[in-house]
Amino acid sequence: MGAEKILYQAQATATGGRDGKAASDDGQLNVNLTTPKELGGAGGEGTNPEQLFAAGYSACFQGALKLVAGKAKVNLPEETTITGQVGIGPEGDGFGIAVTLHIHLPDLDQQQAEELVHKAHQVCPYSNATRNNVPVELVVTV
């Protein structure tokens, strides 16, 4: 199941695979890609798909958290942070990923923070895209 109505669509093009470049059609994203040493690459300057996914998921999840907090009339602390970790490794004949989101909600009570995070996980498009396909661990600290 996808979106019922597309409100915004991003477009980016990659060339050269993990050792190439990626750029959005509007020029706002333009990055060099480098395969990490852990995956047999040279490492060096450049980003990789896992870092881009971690950043995107973290930002998207924080947006979902703001939405559900607003509906619950809870003010999220300005110091709220979401740190995404995306791991990659062998899965059968191919590769798979696993995600951990570290959600820091200072000045909220632990139970309230966990309830908001659970609701955000139901709303977030990245969570919906990965559900039942990619393991996602949510670690909530206050």
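For the structure, check the block above.
So, here is what we can say about the structure in this document.

Reading the values: the criteria
- Each chain carries its own residue numbering, running from 1 in the direction its sequence is written.
- Only residues with pLDDT of at least 70 are given local features in this predicted model, and only at 80 or more are side-chain atom pairs given and counted; all residues enter the totals for whole chains, interfaces and linings.
- Each side-chain value is derived from all of the structure's non-hydrogen atoms; neither hydrogens nor water enter the calculation.
- For the purposes of this entry, the term helix denotes a DSSP run of H or I that reaches at least four residues, the term strand denotes a run of E that reaches at least two, and both are numbered from the N terminus.
- To estimate how far a helix should reach, multiply one less than its number of residues by 1.5 Å.
- Working definition: with a 1.4 Å probe on protein chains only, accessible area under 20% of the residue-type maximum means buried, over 50% means exposed, and in between means partly exposed.
- Here the arc refers to the directions that run from the helix axis out to each C-beta atom.
- A contact between two residues is defined here by any heavy atoms of the two lying within 4.5 Å.
- N or O atoms closer than or at 3.5 Å make up a polar contact, with two conditions inside protein: a donor-capable atom paired with an acceptor-capable one, and, for residues adjacent in sequence, both atoms drawn from side chains.
- In this scheme, strands are said to pair when DSSP sees at least two bridges between them.
- Patches here are clusters of residues that have more than 30% relative accessible area and form no salt bridge, with a 9 Å joining cutoff for like charges and a 5 Å cutoff for nonpolar side chains (Val, Leu, Ile, Met, Phe, Trp, Tyr).
- Here the Shrake-Rupley method, with its probe set to 1.4 Å, supplies the accessible areas, and only the displayed protein chains count as covering residues.
- Salt bridges are defined by distance alone: a side-chain nitrogen of Lys or Arg within 4 Å of a carboxyl oxygen of Asp or Glu.

Taking 1.5 Å of rise per residue, 14 residues should cover 20 Å, and helix α2 (residues 110–123) covers 20 Å from first to last C-alpha, within 8% of that figure. Among the residues of α2, those classed as buried are Ala-113, Leu-116, Val-117, Ala-120 and His-121. In a view along the axis of α2, the buried residues occupy a sector of 140°, so they form one face of it. Pointing more than 90 degrees away from the buried face of α2 are the exposed residues Gln-111 and His-118. In this structure, the buried side of α2 is in contact with α1 (49–71), β5 (94–104), α3 (125–130) and β6 (136–141). With a side-chain oxygen lying 2.9 Å from the backbone nitrogen of Gln-111, the N-terminal cap of α2 falls on Asp-109.

A few words on α1. Between its first and last C-alpha atoms α1 spans 33 Å; for 23 residues at 1.5 Å apiece the expected length is 33 Å, and the two agree. Within α1, burial applies to Glu-50, Ala-54, Gly-56, Tyr-57, Ser-58, Phe-61, Ala-64, Leu-65, Val-68 and Ala-69. Contacts from the buried residues of α1 go to β4 (81–91), β5, α2, α3 and β6. Where α1 begins, the capping side chain belongs to Asn-48, and its oxygen is found 3.0 Å from the backbone nitrogen of Glu-50. Taken from the residues just after α1, Lys-73 is the one with a positive phi, measuring 60°.

Only one face of strand β2 (residues 21–24) is buried: it carries Ala-22 and Ser-24, and the other face, with Lys-21 and Ala-23, is open. The pairing of strand β1 (residues 12–15) with β2 spans 4 bridges and is antiparallel. Following the sheet pairing, Ala-12 is matched in β2 by Ser-24. If you look at the hairpin formed by β1 and β2, you'll find 5 residues sitting between the two strands, and Gly-16 has a positive phi there, around 80°. Two strands pair when backbone bridges link them, and β2 and strand β3 (residues 30–32) are joined in this way by 3 bridges, in the antiparallel orientation. For Lys-21, the partnering residue across the bridge sits in β3 and is Asn-32.

A few words now on a nonpolar patch on the surface. Together, Leu-39, Ile-88 and Phe-95 give the surface a local cluster of nonpolar side chains, amounting to about 270 Å² of exposed area. Counting through the fold element by element, Phe-95 comes out in strand β5.

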